[in-house]
Amino acid sequence: MAKKKSAEVSEAQIAVHWQEEELIHPSPQFVSQANMTDPGIYERFSLDNFPECFKEYADLLTWYQYWDTMLDTSDAPCWKWFVGGLINACYNCVDRHLDKYKNKAAILFVPEPEDEPHAAVTYQELYVRVNEFAALLRDFAGLEKGDRVTLHMPMVPELPVTMLACARLGVIHSEVFGGFSGQSCGERVADSGSRVLITIDAYHRNGKLIDHKVNADLAVEAARKSGQIVDKVLVWSRYPGQYHSASPPVEGRDFMINDVLADYAGARVDPVRMAAEDPLFLMYTSGTTGRPKGCQHSTGGYLAYVAGTSKYIEDIHPEDVYWCMADIGWITGHSYIVYGPLALAATTVMYEGVPTYPDAGRAWRIAERLDVNIFHTAPTTVRMLRKAGPDEPAKYDYHFKHMTTVGEPIEPEVWRWYYDVVGKGEAAIVDTWWQTETGGFLCSTLPALQPMKPGSTGPAVPGIHPVIYDENGEELGAGTGKAGNICIRNPWPGAFQTIWGDRERYVDTYYAKYCRDKDSKDWRDWPYLTGDAALLAEDGYYRILGRIDDVINVAGHRLGTKELESAALTVEEIAEAAVVPVVDEIKGRAPDMYISLKPGFEASKETETRVVKAIEEMIGKIARPKHVHVVPDMPKTRSGKIMRRVLAAISNTMDIGDVSTLANPDVVEGIRVLVQGEGKVALKKGPEDIARFGDEG
Ligand code: WT7
């Protein structure tokens with residue numbers, strides 16, 4: 001992004017108008033049991049003690065061999081942590097707990113159908129399943145350390161079993177969110193170079209048993225078109241012994257895992273001793289260009305970071321029942337359903353389905369029945385639950401000591417419902433700001449040490465040192481009321497190592513903007529650009545405004561606008577497509593799609609339907625546009641760029657601003673009428689992220 005905007009201020013100078021919210025203190029009961037009550041932690045993790053401070057997190061793990069170099073910067077900005085250290089993530093999440101906790105539930109699985117019994121997987125049982133499946137992966141699928149394997153799995157216990165089996169062998173897993181289409185999955189298979197795809201026949205979602213295996217066929221085909229051959233598809237069974245897919249197994253390619261597993265009953269596999277900096281997994285995320293980025297996460301640094309933050313920010317103790325209602329297909333699930341909690345020997349709850357199925361009380365019935373005491377979800381879900389059943393939580397006898405919000409800014413009003421009604425005024429809330437790339441939390445209060453402030457993520461977590469820069473690299477300090485680009489000054493162990501196969505893009509996207517010297521091996525010269533706009537209050541609390549690039553945060557997850565636009569352009573009659581965010585009551589933001597047609601085509605409902613279908617097929621239902629507007633022409637700059645800023649203003653009934661410099665200013669009013677109807681509508685102020693959207697020069 002570059003600066004244009006002459007008449008207006010740039011985002012680095014936007015004054016922000018909201019009022020400061022009151023501070024709310026955690027209860028003495030919470031504080032008295034909390035894992036971290038020593039304010040000295042900030043001193044221990046200050047820049048003076050960097051990078052050695054992170055030994056405190058690494059010491060939560062069991063190492064085969066300690067590192068000799070805490071932080072190796074010789075390949076800047078690809079940082080290496082705990083170099084010389086040897087460790088296995090699966091051993092740390094499973095084996096080492098057996099002595100003390102083998103009979104304790106590691107995973108509590110709640111199927112979506114309410115009449116289907118819950119399943120408790122003890123640490124011993126997890127150990128057995130992971131070993132047997134690891135043996136299958138090694139001896140049947142021929143996978144070994146360093147190979148990539150793509151998982152396209154929903155929320156079933158077989159997913160963490162698969163991840164941990166990979167980790168045991170040093171095989172790099174790349175889990176693609178189950179709700180993504182076969183096509184999206186195939187692109188990620190190809191990008192990661194996976195020759196094995198692991199899936200399941202079916203799963204429950206919103207009252208339906210969904211055929212999922214059919215996506216594997218599409219994925220294999222899409223991967224083949226991109227030059228990647230998948231030679232084995234391993235298929236778990238939602239109900240072992242049954243098969244719930246219309247897509248028959250392909251002879252010689254597809255294997256029902258439960259059949260093959262019979263040959264590995266009782267098998268045990270030694271965990272492979274991995275170098276701390278060996279990759280543990282890839283997690284794809286959207287960027288500004290069409291191609292998703294495979295964020296490569298390390299073994300030792302990542303695990304240390306998620307264990308430390310799970311312990312101190314999530315306040316997880318082994319005796320807690322911890323429920324993160326995210327999907328393991330996103331980074332939140334990797335870090336804070338699987339790796340962090342299991343590294344701490346916690347009991348982690350996995351729920352298969354939709355939070356409001358079959359009714360708005362479901363989540364609270366689960367909480368009551370399992371006696372969940374730590375709850376973790378996203379604002380989009382909080383908004384949905386509040387809308388569907390504002391009085392439901394009070395009907396159930398559960399008590400949370402701690403709750404998390406993650407993924408997007410939470411409106412203070414929604415925050416207060418979460419605190420008062422869901423948390424019954426008893427739970428400490430942490431608003432955790434971070435990203436797929438960062439592996440774990442960047443900002444959050446330490447729940448027993450600092451008060452909560454609705455709508456603010458809080459100060460940086462220990463060992464993270466943010467800085468807000470304006471466009472010119474000037475620091476915007478506390479209390480200026482100005483927002484800028486929030487960066488992190490220092491490396492930390494949870495950070496991704498690179499973009500899989502594209503180091504140049506990694507450097508360009510995350511480090512080029514504020515790098516002081518491209519040849520420097522000193523981490524101080526390489527601030528990490530998060531891509532978010534934020535401001536810092538007088539009291540040291542950060543408030544995150546949202547993305548500064550053209551990525552739309554839908555229901556707490558980033559969608560690349562270019563990806564959506566390319567999908568729309570596969571519909572034959574479409575000439576141009578532009579996607580902008582529109583405020584959505586539940587999802588926070590939703591994509592609004594503008595299309596123009598090739599000459600000779602008429603606007604029709606069918607075209608709109610084809611666009612929606614193309615997006616669902618190529619990306620997934622999560623990306624479904626809220627509206628499809630067929631416009632005669634797009635507003636464009638003189639250099640021919642579509643002015644998404646103007647479209648975003650129209651979609652959100654915000655001030656369109658000055659359009660006189662456009663190549664075709666007269667199309668704007670026509671589009672406005674098409675979207676908003678005849679007559680003038682009252683303009684809204686609109687959120688800052690939308691006001692800033694599409695500011696490319
Ligand atoms: C983007 C990262 C974090 C894991 C899930 C999403 C936004 C995230 C917050 C928060 C305000 C937030 C940011 C960030 N975001 N958490 N607590 N308050 N905004 O991971 O898909 O990589 O998205 O989500 O814009 O950059 P992701």
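Keep in mind the model is a prediction, meaning the values are calculated, not measured. (Residues numbered from 1 in each chain as written. Predicted model: local features only at pLDDT ≥ 70, side-chain atom pairs only at ≥ 80, totals over all residues. Heavy atoms only, no water.)

Participant: Quick rundown of the site of the ligand? Include the residues and the values.
Facilitator: Looking at the ligand, there are 19 residues lining it, with Asp 431, Thr 432, Thr 436, Asp 532 and Arg 558 nearest. Within the backbone of Pro 409, a nitrogen or oxygen atom sits 3.5 Å from a nitrogen atom of the ligand. The separation between an oxygen atom of the ligand and a polar side-chain atom of Asp 532 is 2.8 Å. Alone, the ligand offers 560 Å² of accessible surface; in the complex the protein occludes 97% of this. Partitioning the shell around the ligand into residue classes produces six nonpolar, eight polar and five charged. (Near = heavy atom within 4 Å. Polar contact = N/O pair within 3.5 Å; in protein donor to acceptor, adjacent residues only side chain to side chain. Areas by Shrake-Rupley, 256 points an atom, 1.4 Å probe, with all protein chains shown as cover. Nonpolar A, V, L, I, M, F, W, Y, C, P; charged D, E, K, R; others polar.)

Participant: Tell me about the sheet that holds strand S23 (residues 498-499), and name the residues and values.
Facilitator: Strand order in the open sheet made by the eight strands is S12-S11-S8-S6-S7-S14-S15-S23, with mixed pairing throughout. Of all the strands in the sheet, the pair left with one neighbour each is strand S12 (254-256) and S23. For strand S6 (residues 148-151) and strand S7 (residues 172-175), the ladder comprises four bridges, and the chain directions are parallel. Within S7, the position partnered with Thr 150 by the bridge is Ser 174. Contacting S6, S7, strand S8 (196-200), strand S11 (232-236) and strand S14 (279-285), helix H7 (residues 158-169) crosses the sheet at an angle of about 175 degrees to S6. (Pairing = 2+ DSSP bridges. Helix = DSSP H or I, 4+ residues; strand = E, 2+ residues; numbered from the N terminus. Contact = heavy atoms within 4.5 Å. Axes fitted to C-alpha atoms, helices over the stretch in contact; angles between N-to-C directions.)

Participant: Can you tell me about the pairing of strand S30 (residues 627-630), naming the residues and giving the values?
Facilitator: Here four bridges tie strand S29 (residues 588-597) to S30, and the two strands are oriented parallel to one another. Across the sheet, the residue bridging to Asp 592 is His 627, located in S30. On the question of chirality, the crossover connecting S29 to the parallel S30 by way of helix H18 (residues 605-618) is right-handed. (Right-handed = clockwise from strand over helix to strand, strands pointing away.)

Participant: Describe the pattern of salt bridges, listing the residues and the values that go with them.
Facilitator: By the definition in use, this model includes 50 salt bridges. The salt bridge involving Asp 320 is made with Lys 401; its shortest N-O contact spans 3.0 Å. Remark: Lys 401 occurs in the loop between helix H14 (379-388) and strand S19 (402-406) and Asp 320 occurs in the loop between helix H11 (300-312) and strand S16 (321-324); sequence separation between them is 81 residues. There is no split in this pair, since Asp 320 and Lys 401 are both buried. Residues Lys 513 and Glu 471 are paired through a salt bridge, measuring 3.1 Å at the closest nitrogen-oxygen approach. Here Glu 471 lies in the loop between strand S21 (466-469) and strand S22 (484-488) and Lys 513 lies in the loop between helix H16 (503-510) and strand S24 (528-536), a separation of 42 residues in the sequence. Since its relative accessible area comes to 12%, Glu 471 is described here as buried. Overlapping salt bridges bring together Glu 114, Asp 359, Arg 362 and Arg 365 as one network. (Salt bridge = Lys/Arg side-chain N within 4 Å of Asp/Glu carboxyl O. Buried < 20%, exposed > 50% of the residue type's maximum accessible area, 1.4 Å probe, protein only.)

Participant: Go over the sheet that holds strand S17 (residues 347-351), please, and point to the residues and values.
Facilitator: Whenever strands of a sheet pair, they do so through backbone hydrogen bonds, lying parallel or antiparallel. Within the open sheet, the seven strands sit side by side as S5-S4-S17-S16-S18-S19-S20. Their pairing is mixed. The open sheet terminates on both sides in strands that have one partner only, identified here as strand S5 (119-122) and strand S20 (428-432). Going across the sheet, the axis of each strand differs from the next one's by a mean of 20 degrees, ignoring polarity. Note that strand S18 (residues 374-377) and S19 share four bridges and pair parallel. Bridged to His 376 within S19 is Thr 404. Across the sheet, helix H6 (residues 123-139) is in contact with strand S4 (105-110) and S5; its angle to S5 comes to roughly 80 degrees.

Participant: Break down the nonpolar core for me, with residues and values.
Facilitator: In terms of nonpolar packing, the biggest core is built from 127 residues, with Phe 54, Phe 82, Leu 126, Phe 133, Ile 198 and Tyr 339 touching the most fellow members. When residues of this core are assigned to their parent elements, the largest contribution, 10 residues, is made by H6. With 60 residues, the next largest nonpolar core counts Ala 216, Leu 559, Met 593 and Leu 647 among its residues. (Core = buried A, V, L, I, M, F, W, Y, C linked by side-chain atoms within 4.5 Å.)

Participant: Which residues make up helix H9 (residues 213-225), and what values go with them?
Facilitator: Relative to the 18 Å expected for 13 residues at 1.5 Å per residue, H9 spans 19 Å between its end C-alpha atoms, a close match to the ideal helical length. Here H9 has its buried residues at Lys 213, Asn 215, Ala 216, Ala 219, Val 220, Ala 222 and Ala 223. Buried positions in H9, seen along its axis, are confined to an arc of 165 degrees and lie on one side of it. Contact partners of the buried residues in H9: helix H8 (182-192), S8, strand S10 (208-211), S11 and S12. Gly 227, located one to two residues past H9, shows a positive phi value of around 90 degrees. (Expected span 1.5 Å × (residues − 1). Arc of directions from axis to C-beta.)

Participant: Describe in detail the packing of aromatic side chains, supporting the description with residues and values.
Facilitator: Aromatic ring pairs: the centre-centre distance and the angle between the two ring planes describe each pair. Under the criterion given, the structure shown has 45 aromatic pairs. Ring centres of Tyr 511 and Trp 526 lie 6.2 Å apart, and the angle between their planes is 75 degrees; this geometry places the pair in the edge-to-face category. Placement of the pair is Tyr 511 in the loop between H16 and S24 and Trp 526 in the loop between H16 and S24, with a sequence separation of 15 residues. Residue Tyr 511 is classed as buried on the basis of its relative accessible area of 3%. (Phe/Tyr/Trp six-rings, centres within 6.5 Å; stacked < 30°, edge-to-face > 60°.)

Participant: Mind laying out the side chain of Asp 201, listing which residues take part and the relevant values?
Facilitator: Note that Asp 201 resides in the loop between S8 and strand S9 (202-205). The buried charged residue Asp 201 lacks any salt bridge, with Arg 238 as its nearest oppositely charged partner at 7.2 Å. Once you skip the residues sitting within four places of it in the chain, Asp 201 turns out to touch Ile 210, Asp 211, His 212, Lys 213, Val 235, Trp 236, Ser 237, Arg 238, Gln 242, Tyr 243, His 244 and Ser 245. (Lys, Arg positive; Asp, Glu negative; His and termini not counted.)

Participant: A description of the confidence of the model for the protein chain should follow, citing residues and the corresponding values.
Facilitator: Averaged over the protein chain, the pLDDT score is 94; the fraction of residues at 70 or greater is 96%. The low-confidence segment residues 1-15, where pLDDT is below 50, has 36 contacts with residues more than four positions distant or belonging to other chains. (pLDDT = per-residue confidence, 0-100.)

Participant: Can you explain the environment of Glu 144? Please cite residues and give values.
Facilitator: Structurally, Glu 144 is set in the loop between H6 and S6. According to the relative accessible area criterion, Glu 144 is exposed, its value standing at 54%. Spatially, the C-alpha atom of Glu 144 lies 5.9 Å from that of Val 171, the residues being 27 residues apart in sequence. Aside from chain neighbours lying at most four places away, what touches Glu 144 is Leu 169 and Val 171.

Participant: So, the pairing of S19: which residues are in play, and what are the values?
Facilitator: The element S19 is extensively covered by neighbouring structure, given that five of its five residues are classed as buried. Residues His 402, Thr 404 and Val 406 point to one face of S19 and Met 403 and Thr 405 to the other, with burial holding for every one of them. Following the chain from S18 across H14 to the adjacent parallel S19, one finds a crossover that is right-handed. Relative to S20, S19 runs parallel, the two sharing five bridges. Within S20, the residue paired with Met 403 across the bridge is Ile 429.

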